[in-house]
Structures are given as structure tokens and as C-alpha cells.
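Working through the structure, step by step
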Amino acid sequence: MSPILLSRRQTLQAASSGFAYLAFSALSTLAAEKTANRLAPLPPHFTPRAKRIIFLAMQGGPSHVDTFDYKPLLGRDNGNASKGFANLLGSPFEFKQHGESGLPISSLFPKLAGHADDLCLINSMYTDLPNHPQATTQMHTGNFQFVRPSLGAWTLYGLGTENDSLPGFITLSPPNGAQSYGSAFLPAIYQGTPIGKQARNRFTAGSGEGPISNIANPRLSPELQRVQLDFIKGLNQEKLVRDQYQPEVEGIIESFELAFRMQDEVPEVLDIAGEPQSILDLYGINNATTGGFARQCLSARRLAEAGVRFIQVNHGNWDHHRNLKAGLEQNCAEIDQPIAALLEDLKQRDMLKDTLVMWAGEFGRTPHGQSTNGRDHNNKGYSMWMAGGGVRGGLRYGSTDDYGYQAVEDRMHIHDWHATILHLMGLNHEKLTYRYAGRDFRLTDVHGVVAKGIVA
Amino acid sequence: MKLSPSLTLLPFALAAFSISSARSQEMSMKEEATDEQIAFFEKKIRPALIKHCYECHSSEGDKIKGGLLLDAREVTRRGGDSGPAVVPFDLAESLLYTAITYEDSTLEMPPKHRLEAEVVADFKTWIEMGAPDPREQVSKTKEVQHYTNTIDLDKGREHWAYQAPSPQTVPAPKNKEWGQNAIDAFLAVAHDEHGLTPAADAEPRTLLRRLSFDLTGLPPDPAQVEAFVSAYTESPDSAIATAVSAALSSDRFGERWGRHWLDLARYAESSGKEVNATFPDAWRYRDYVIDSFNTDKPLDRFITEQLAGDLLPYENAKERATNLVATGFLAIGTKNLNEQSSRQFRFDLVDEQIDTTTQALLGTTVSCARCHDHKFDPIPMSDYYAMAGIFLSTETLYGTPNGLQSRRATDLVELPFAEKSLAGIPLADLLDMEFRRVTLEEQVETLLAEQREQRQSNRNGEGVQNAVIRILATRNQLGVVEGQLLTYDDAGGRRDLAMGVRDRDEPFDSQILIRGEEDNPTEERAPRGFLQVVKTGDESPIPSHQSGRLELAGWITSPENPLTARVYVNRVWLWLFGEGLVSSVDNFGTTGEAPSHPELLDYLALRLVELDWSVKDLIREIVSSRAYRMSSDYDADLFAKDPENRLLWRANKRRLDAESLRDATLAVSGRIDLERPLGSAVAAAGVGFIGRTIPEASFENESPHRSVYLPIVRGVVPESLALFDFADPSLTAGKREITTVPSQALYLMNSDFVIEAAEAMAKTLVADAGLRGAALAREAFYRAYSRPPTEAETLATQQYVERFLAAAAGESLGPEEARLLALTTFCQSLLASAEFRYLN
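Residues numbered from 1 in each chain as written. Chains lettered and ligands numbered in written order. Predicted model: local features only at pLDDT ≥ 70, side-chain atom pairs only at ≥ 80, totals over all residues.

**Side note on the overall build of chain A**
As a reminder of what qualifies: Secondary structure elements follow DSSP: runs of H or I no shorter than four residues count as helices, runs of E no shorter than two count as strands, and numbering proceeds from the N terminus. A pair of residues counts as a contact when their C-beta atoms, built from backbone coordinates, are within 7 Å of each other.
Scanning chain A for helices and strands turns up 10 helices and 17 strands. Looking at chain A alone, contacts between residues at least 24 apart form 73% of all its contacts between residues at least 6 apart.

Structure (C-alpha cells):
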């Protein structure tokens, strides 16, 4: 075996399980060892502040100046020419201060505003490009140009997961395109597993339609299926031996084993029927507007509880070139209550302290208008927020200029954000590396500065 | 400003404002008003507007409702939050008219009282005469905006991809033994340069499996493998030549290579997005693509037909029909059918056409220049709008039913000839449908009347809300029935329709829109044309009476266009080797990747033109190379030098794409139906809305036909394809992603499709072939892997069956049942295994 294949993982392998066919070569047993439980929990680099992540990803570029970045001058100068651009467009939404910290949050998030003292608003985000596909890829992988592992895959590679009967990285209703949950050159087991699809913001997990299809075999008992899977494993391991080096086959072997274990675990974890009515009402499960996203948020909490390391919750349609007012009202009405409920619920279970909850889009929007009721993409300055997981609540970190166009103070690039997330998880972003094609790769490439100021 | 001759002849031309008017694009030629018309406006319309509308819709008023101003021409036409208030000549599009007629219960104006019938009639007359309106903006006058090009085209042309491919001398590598043809020579010199040695030839069985999947998307059957092995022993070259010829002349070739093209053409059978209306006639384009590859239609002709088939000369009705169906390429994209502004819709549709055309054919993202000059590539906005003019001068015909949320229905193309027609319906059913239409119409009327009454009696709340929902639902049903009726002739026969395009009567150049905003045009119009960075020297001028699509096709397929042939041969390379010479296959711009073998890329591009754009000949040359024969065996030293195999020192191990995996599963189980089905499940479902009038579940039952014939509904791609990284059918997708997730394993372990295929395979092995023991294992492995099992595998198979039966003894299964289940699960294991899914 080539020395470059010996990753940090492989030094920590557990023994092989499963029936080894006598007929198959002894080498297959070696091959089996190589892939044995790469999901087992691994010690972090230092004491972590957070143990798991729930990432609320908003596709389309939510407007920061209408939500979490209060810009009084923008309102005052509404309609004035902005240099080189269309006229400034004041926010149609009112900002008020909330909580003891007095964080300014717009009227779009009445319920979330009740958690102001838990939120760390980062008003100084910026990213390299104002185009959706590139910016989305960069938000998830750090790089907009090449295929690189996603944040969730890196986290799982670094820390393993607490429950090896579930994927360690799950993405609920992802939009098209696998790069946001891909593992690129990292072993395939670190890839995110998509559950549910994004269709009109509807999410079916736990609604009786079945979150994952084919979760049970119609003909075989688990015992008989185990006999079959051992045989499949034997065939695959033989191929792996013949191929000598074939990470994708390793990934296939691991995915069958995980799939087998998931059959027991998934239906139970994603079945929200057992939740008390008070919890269902808290999230707004039975409300037509909030129901879809509520289901995702509640599922996320259940997955977090079950030990999943990285959970991504997706929501689309934030690209408000036009119809800004009604569009934002609709979207925020869909997510405000479920997110507030998620924070509340985690707190009640004493899980918020070590669960990092993050809300972000791929970029923000311009302070100047597009037509009379819309905004264009803006990568130079935008906002996201974090809560729980060792971040300082009630903090407004960094800032944009007077109108919200450009990040000016404590600027936070995607690389800095990634470095900070890994830091909260107990990982040094400069040391979390994977050797591929003769080079050590990092999530943050050669960049990234941890924003210590947001750490509680 | 240039005035058309017809315009200058008119006594009172309002051309000056027509150019700057937001809504003038398609109207500019018609927008002139006579003195009488202006007088009509002043006498009838202006006073009515002031009296009934200005209170809430004037810039002088206290409150502006719905974002709508009606106190100047431009703002009136632009409209408010709901869309344009007045569209000249078009009552249906004019929301002001809809509002004052109280036709739409969600939009009734003025809110407190209905206008007198006479006033309503005046508005109708006014809009139908073109809504002449002399009112200039009263408040802030808009600055005249100009566009300035910031792109240095000469500098841009320095990028390798915009320079003509240069003729190549075939190089002389050190190792003269290895090479088979020129392709090998280019690869071998790169090997020499980097101290790499090419892998030995693959085993003949491996090679035939590779060839068979690459060219036909199906595995060879054991008899073919055996015949190939013995021919290969005689002469590898002639064995390969024979196998290649057989594959290229099989109809399976077009199904495989046509599907590759359909990825580029973002082929789907529904409009996608929120409305997701069916495209019941899209399958004709699919069949056209498959047939074109089977007949080896030269690529330049193939492209020309798809962009401008309707403008090509023809000798007979059949040729005409083929040419028309080809233009479906431009019509099958996603559409936002509930867009309220027709102008916005048009620009979005054109953008989608530009995006697909330039990415699929030129590997260039021209759409990035819609709102600003391209940030990376030498493409100014004016180039974007030059192309936009071509497509704006084109009418896209895609059908879809009318409804309140689906406002963009069009005609379809009536074909003068059809080899195959879909089944019609009995006359009685047609009459029923007609009756249903009339009934629904009456229902809508009744509901509207009820609702009006409710409103006037000032009852609010739920009752009104429910009525609105009922009206919407009934109107949608009506739209669907109307759409269905249009698909039949008077006798109930199914009309032969296709999706496609035609030129508009009066082609025009597009304005350049600031930030891409449809209501923010500059003074300048971009003369219809192509990308300036690519000059072919043989461009034909665009005639004023045509859209320019034919000339666009001529420019794209010019042998002097540096992109077209390069982009396509690179795609072919990807489909045969697993990676492109340029790995960013859809992006040859400056942010794309540089070619690994630039000389080879140029050689192949020029060669394609030399071969008269014959795709089959190009493929034949590539698969006849020694490089294509290489084994995929691992070598630690060489791997250390080139881990990603960019210099092709061995064959790449490649995963089968979703269609090949599914087709192979059907093939080895003996269940595959290789006949082409007539139409598609979407054609059978007919006109309607996915998820509303047509349940998503209608497409769940999978036929045993090849995967290329499965219904491709946007958002409802069949599970067997979607789980295995099928291309997103909304966008040009030159390269499939490769994911390995447990949901795939669950599908292979537990899905009815795989289990039923495995059972069919087990039954044929036992019943048809009468096999057991080692012979059964041999046949099963041979079918699945194109090779006999190793001794260890034979033994393991026997152990498996024994072990399974032993474990099953504890369960309530009869002996026959248990044995069939053991064999079924054995076959399923082969289908689920990695080797079945991978090409060595």
C-alpha cells in the first residue's frame, strides 16, 4: 500500500467486522480493515466549544440590510443616487432593538428577535464573487473554482460522529448540485447524505410519506439480509484487492454497511409523531406557512440529539431582484418561528451550549435598488449569524459602511468564517489536513484567521 | 436613432418616446399614434384616470397603492407590484383592464364601485388601438443612461481558447512501438516528457465491456464476449475494428450518445419551477436527437437544425418536419410560467436560450454579461444584447395550458409530416371533453357572480377567501381542458405537434438594459450579432427581415470558430476516457482549466472538421487508439508521479452513469425492452400541471424500456436515475457528478426495481438455462461482469447459497421458495456490487 494512503484516520482503525468468506483471499481481510469504521469519534485538537453543527443555509442571497444589518442612513437617504449605482433603497422593514443586548433586528423576525441575546450577528462577511453557483460553492467548500470537500465533510473527517448508525453529515432538502455536501478527495463516507428534496420548500420527512425511500427490505429478515451483505462485501473487497487503490470502492463498501445500520435507526429518528403537541406547536408543524421548514428544524434537533455531527437545513428562494418586500415577508414568515423554536428547544434540553447553530446565505444584497422593489447580489458585505456552541450571544460583530455595501470593520472572509467554525469545534484549521495528489489540503487553503472576538 | 422607413412616413410619430419607453421593445414598430387617437385619449381616458385612479396611483397622491402609478405613460406601462397595467394592443395582458372589468376577484378596481360599462368600453378601445398616451413623466425625469464597454477585446483574444486551433504535425515519441494512431503520438510525447510509461493493453474482455458501455450504454452478452476473445487472439486490431463497427451501426449507439447530448440540451418534459406544466410533445425532440446520432448527421448540420431548422430550405414535408422538431432545442428550457410581466418573461426566456446555446456549444458563459460586462471573459454586455436581439426576434413555442398562475401559454408547431402519431381519443370522449369545457366556463361565470355579490354585500373573511380559491382552481381546470382540446383534431385524432421556434414578423435589435433590468434600458441598441471576441471571417450579415438565428448557426459551425469543434471533441474525450482534456468541459473561458494536451485538442478539433463533422468517424478514431486499449491497472510509481492520471498513463476506472447502470440491470435480468416506446409517459399524461392536475406518482412505475425513454419531469426525475447522479435537467450539464451515499446502497438493497430484476435473472438462469452449481455461477458472473468467476468466487457463491439456506431454515419458507430467494439475493448481490457499477 502506498504510504500516502495512510491518513490520520487509518491509524485509528477498529477491527474488521462481518463474515469473511474463506474462499476469498486473505488480502480482502486487510482491505476490510482499511475501511473499518471511519466514522468512529476522534479526539479534537483542543477542548471544543461545540460538539455539533446545525447550519441553516439560505439559497439565493438573503438581503442583510433588510434583516440583520441595521443601516439608519440607508433609510434616511432612500432614493438618493449612490455613486455609480442605482438609487439607494431604504428598507421597507423597521428595525428595533431587542433583548438586554439591544441587537437591532428587523420586523421580519419577530420571534427570533426574542432570542437576540443568544445571537452573534456577524455584519462584516464578504466573499469573492457575486454569482450564485460560485458563491454557493465557496460558502460550502472555501473554493469556487475547483471541486473541494465541503465544510461538513471536513468536520466529519476531523471528528467522526457519535452515532455510526446514521450518516455523520446529513443535509435536509438540499438544492440541486452535490458540491454543497460533497467530499471531493476525502473518503466518500464523509459526504453528506441528502434526505428529502427541495421542491417548493416542501419537506416530507416525518410526514408519513417516508423521508428515505427503500429503508426496509420487502422480503428479507435482517438476519438474511446480513448474510447477503456479507457476500456483497466479500465481492467488493475482492475487487478492492485486485484494484489495489480504489477509494471509491472503499466508499461503496462503507455505504452498504452504513445503509444496513440506518435501516434500524432512521425511521425512528425521523419520526416526529412521538413529539408532544407542545413541541409541534412550538415549531409550527401544523401551520401551512411554517410547516415545511418546521419539520426540517425539528428533524435537525432530533438528528442532533441522536449524535449526528453536522446537519444542514436548506431553504430556497432568497434571490430577490424583484418583489423584495413580499418575497422577504413570505420567506421570513416561513422560517422565523421554526428557527426560534429550534433555539428554544435546544436550550430547554441544555444542548444549545454545545450546538453551533448558524444561519447564512451565499452573499447579501445591494443597498441600492434594482427596479423599485428589489436588490442585486452583493458579495462585498453581508451578514450571517451564529448562536450557541461557544459564541458570544448578544454581540454585533464587525460592520459594513454606512449603507451596508462593503464590509469595513473586523472583515470576515469565508476562509475566516470556516477557520472560526473549526476552532469552535476544537479543530485547528491549519492542522486539519488531508494528503491528496502529493499535497496537504486544508479547508481554508492557505488563508483563514479565527475571529477570537466572537468566542465566549 | 434610426427610424424604420415605415415610421418616417407616418404623420404623427411617437417614435421618440417609443425608444425610451420601458415597454417599447417589441412594439417600437407599431407605436405611433394619430391625432385622432391622441384626441381620444384626452377626451375619454385622461379624465377617467384622473377621476377614478389618481387618488391612489399618482405621484402627487398621499399614498401609492400596489406600487402602481398611472400618471405617466412609462409608469403606466411598467405597472406595479402585480405587473404591467397597460400593454398596448393586448387586453389580456393589461392588468388595468382586468381590474376594471372585475373579471378577477383578486383584482377589482376601483375598489368601491365598478366603472360604468361605457367607460370600461373606452378603455378597451384605447388599449386595442395601442394605448396612445402622450403623458411624459411628471416628477423625476429619468436620466438618459448610456452603456460603455469596459472590455479590451484584443487583449481578450490572447486567451488560448479564442485563438484558432493550429494545424499540428504529429510528433515522434521515443517509443515507436506503442502508438496506434496520431492520438497516441501526442499522448506518448507527454509520457516521455514526464517519465511515464503507458499501461499494458487491457484484457480483451475488459476492453469489450468498456467499448460496449461507451458506445451503446449496455454490457456485451457472454456470447459476444467469447466471440470477441477468440477474434482478438487472431488479430486485436481487426477484432476491435469489427466490434466498433457493430456498435456504431447499432441503434443502441444513438440512444447512448443522444443521451449525452440531452444533458447539454437540458432536456426535460416539463416547464419546471413553481408551475411545472407538462411538455407532452418534448419527446419528439428526444427522438430527433437519437435518430441524428444513429444516422451520423454531421455535427454542423445537427447544430444548425437545432438553432434554425425552421429557416432552412427543405425538399419535402418529412425533411421540413425534422427541421422543425430540431428547434425544440430552444423551447424545452425551464420557464417561469407565472411571471406577471410579459416583458420580464421574454427576457428571462431569451437569457435561458443564450445560456444553453453558449454553454453547450461554445463552452462559454455568455449569460454572465446580462447585467454587466463579463467579469472574467472578454464578453461585453453589448455582445449579450446582440445575441438577445436574435432570440427576442424569435417566437418560442412550447404550449402549456393557460391558467391564473400559468400566464404564458403559446401555440405549438404543427408538423406537416409525422412518422408516428400518438393515439387519439374516441369522438364520444372528445365531445365529453368539450362538454366539460363548457361546464367549467359556466362554473367560472357563476363563481365570479357569487363572489361579486359577496363583495358588494361587504362580507369579508373566509367566505371571500374560499371563493377566490375555488375560482382559481376552476380556472386552472378550464385551462387544462382547453389545452387538452387543442391536442386533438375535430375527429379526436391526436394532432402532430412539436415544440420549437419561428421568426417574429418584425425582427429588431435589443436595447442594452442597465443591470439587466427590463425597465431600465439605455439609449443604445445592440445590432443583432455574435461574440466579438470570436471573429470567424466568414460571418453572414443578418438580414433585416429575419431573426439572425441562421447566421448565428453559421457562425457557430464555421470551421473558423475556435470554440465549437474544440468544445465538442473535448466532450467526446470525456465520455470515452472519463475526463476531458480540458477538465472544465462547459467553461473554456479564462476561469476554466487549461488543456492537459493542447496540441492533441487542436489536432482533434481540426480532425473533426476534416471528417466533415462526422461524430461516428471521430469516435472510431479515438477508440481505435492504443490509449483507449490501456488497462486501468494501478502502478505505485506512476501513481506517485501523476495521481490524477491527467497524462493518461492508464485507463481511468469509471463508474457507470445512472442510465447505464439501470439499463445493464434490465439487460442482465433479461427484462429489457429494446423497442423504442411511442412518445413518453408525459405524452400519455397529456396537458396539465405536475403535482396539481397530474400526480407526481403517475411517473413512478418504471417501464422496462431503456432509461433514455423514461419520463424526465423537472423536479420528479425517476428515482433510479436521480439517486445515481443524473444531470439536473434544468441546466446544461457537461459532466455528471459522482456521489457515493447510503441512499444508493439502500436502493440496491431494497428497491422493488432491483429485487425484481434479480429475481428475473435468477429465474432465467434456472428455468431457461437449466443451470445449477458452478455452471450457474459462471453464467451469472459472465452476464454481470462480462467475465467468468474466479475459482474463489465460484466457491464463495456456493458457500453463500449454503449459508443463506441455513439461515433461512429458521424462517417460514418452503424449500423451493428459499432456494429461489437464495438465488435471487445472489443475483442481486452481483447487481449491487462495485464491479457491476465500474468499468475497468
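**Focus on the interface of chain A and chain B**
Rule in force here: When residue character is reported, Ala, Val, Leu, Ile, Met, Phe, Trp, Tyr, Cys and Pro are called nonpolar, Asp, Glu, Lys and Arg charged, and the others, Gly included, polar.
Taken together, the 55 residues of chain A in the interface contact 48 residues of chain B. Among the elements of the structure, α5 (222-243) and α6 (247-269) of chain A are those that each provide at least two residues to the side of chain A that touches chain B. In terms of residue count, α5(A) provides more of the side of chain A that touches chain B than any other element does, 11 residues in total. By residue class, the composition of the side of chain A that touches chain B is 24 nonpolar, 24 polar and 7 charged.

**Description of the packing of helix α23 (residues 564-577) of chain B against helix α25 (residues 615-623) of chain B**
Residue and element names in this part refer to chain B. In plain terms, the rule: Axis definition: a line fitted to C-alpha atoms, over the contacting stretch in the case of helices. Angles run 0 to 180 degrees between N-to-C directions. Here the angle decides the label: under 35 degrees means roughly parallel, over 145 means roughly antiparallel, 65 to 115 means roughly perpendicular, and every other value means oblique. The hand of a helix crossing depends on one turn: near helix anticlockwise from the far one by less than a right angle means left-handed, and clockwise means right-handed.
Contact geometry for α23 and α25: axes closest at 11 Å, N-to-C directions at 50 degrees. When the axes of α23 and α25 are compared, the pair comes out oblique. The chirality of how α23 crosses α25 is right-handed. For the pair α23 and α25, contact is made by Val569, Val572 and Leu576 and by Leu618, Ile619, Ile622 and Val623, respectively. Partitioned by chemical class, the residues of the contact of α23 with α25 number 7 nonpolar, no polar and no charged.

**Description of helix α14 (residues 283-294) of chain B**
Residues and elements named next belong to chain B. Rule in force here: Expected span of a helix, by definition, is 1.5 Å for each gap between consecutive residues, and there is one gap fewer than residues. Counting other C-beta atoms within 10 Å of each residue's C-beta, where C-beta atoms are placed from the backbone, gives the exposure class: buried for 20 or more, exposed for 12 or fewer, partly exposed between.
Across its 12 residues, α14 extends 17 Å between first and last C-alpha, which sits within 8% of the 16 Å expected from 1.5 Å per residue. With 10 of 12 residues buried, α14 is to be regarded as a mostly interior element. Every buried residue of α14 is accounted for by Trp283, Arg284, Tyr285, Arg286, Asp287, Tyr288, Val289, Ile290, Ser292 and Phe293. Downstream of α14 by a residue or two, aspartate 296 has a phi angle that is positive, lying close to 55 degrees.

**Description of the confidence of the model for chain A**
Should pLDDT be low for a region, the predicted coordinates there are not to be read in detail. Residue and element names in this part refer to chain A. What counts here: pLDDT is defined as a per-residue confidence score from the predictor, taking values between 0 and 100.
When pLDDT is averaged along chain A, the result is 89; 89% of the residues meet or exceed 70. Here residues 1-19 is a poorly scored stretch, pLDDT under 50, and it has 22 contacts once near neighbours within four places are set aside; other chains count. Across residues 204-209, confidence stays below pLDDT 50; counting only partners more than four residues off in sequence or on other chains, it has 17 contacts.

**Concerning the nonpolar core**
Test applied: In this description, a nonpolar core means buried residues of the types Ala, Val, Leu, Ile, Met, Phe, Trp, Tyr and Cys, linked to one another by C-beta atoms lying within 7 Å.
Core analysis: the biggest nonpolar cluster contains 314 residues, and A:Cys120, A:Cys297, A:Ile311, A:Met358, A:Trp385, B:Met499 and B:Leu831 have the highest contact counts within it. With near-sequence residues (within four places) excluded, A:Cys297 lies in contact with A:Tyr283, A:Val313, A:Pro338, A:Ile339, A:Ala341 and A:Leu342. Membership of the second largest hydrophobic core comes to 22 residues, among which are B:Leu49, B:Leu68, B:Val86 and B:Trp126.

**Thoughts on the environment of A:Gln134**
Residues and elements named next belong to chain A. Inspection of the secondary structure puts glutamine 134 in helix α3 (residues 132-141). Exposure remark for glutamine 134: the 19 C-beta atoms within 10 Å place this residue in the partly exposed category. As a C-alpha pair, glutamine 134 and glycine 453 span 319 residues in sequence and 28 Å in three-dimensional space. For glutamine 134, the contacting residues outside a window of four places in its chain are Leu129 and Phe144.

**Points about the environment of B:His191**
Residue and element names in this part refer to chain B. Mapped onto the secondary structure, histidine 191 falls in helix α9 (residues 182-194). With 17 residues separating them in the primary sequence, histidine 191 and lysine 174 have C-alpha atoms 9.6 Å apart. Contact partners of histidine 191, with chain neighbours within four places excluded, come to Leu196, Thr197, Pro198, Leu647 and Trp649.

**Digging into the packing of α23(B) against helix α24 (residues 598-610) of chain B**
Residue and element names in this part refer to chain B. At a closest axis distance of 8 Å, the pairing of α23 and α24 adopts a crossing angle of 105 degrees. As judged from the angle between their axes, α23 and α24 are roughly perpendicular. Counting all contacts with α23, which are made through Ala565, Arg566, Tyr568, Val569 and Asn570, the residues of α24 involved are Leu601, Leu604, Ala605, Leu608 and Val609. A per-class count over the contact of α23 with α24 returns 8 nonpolar, 1 polar and 1 charged.

**Side note on unusual backbone geometry**
Residues and elements named next belong to chain B. The peptide bond linking methionine 109 to proline 110 adopts the cis configuration, its omega dihedral lying at -15 degrees. With respect to the helices and strands, the residue proline 110 is situated in the loop between α6 (95-101) and α7 (117-128). At aspartate 725, a position not held by glycine, the phi torsion is positive, near 65 degrees. Tracing the backbone shows aspartate 725 in the loop between α30 (719-722) and α31 (742-750). With 18 C-beta atoms packed within 10 Å, aspartate 725 lands in the partly exposed category.

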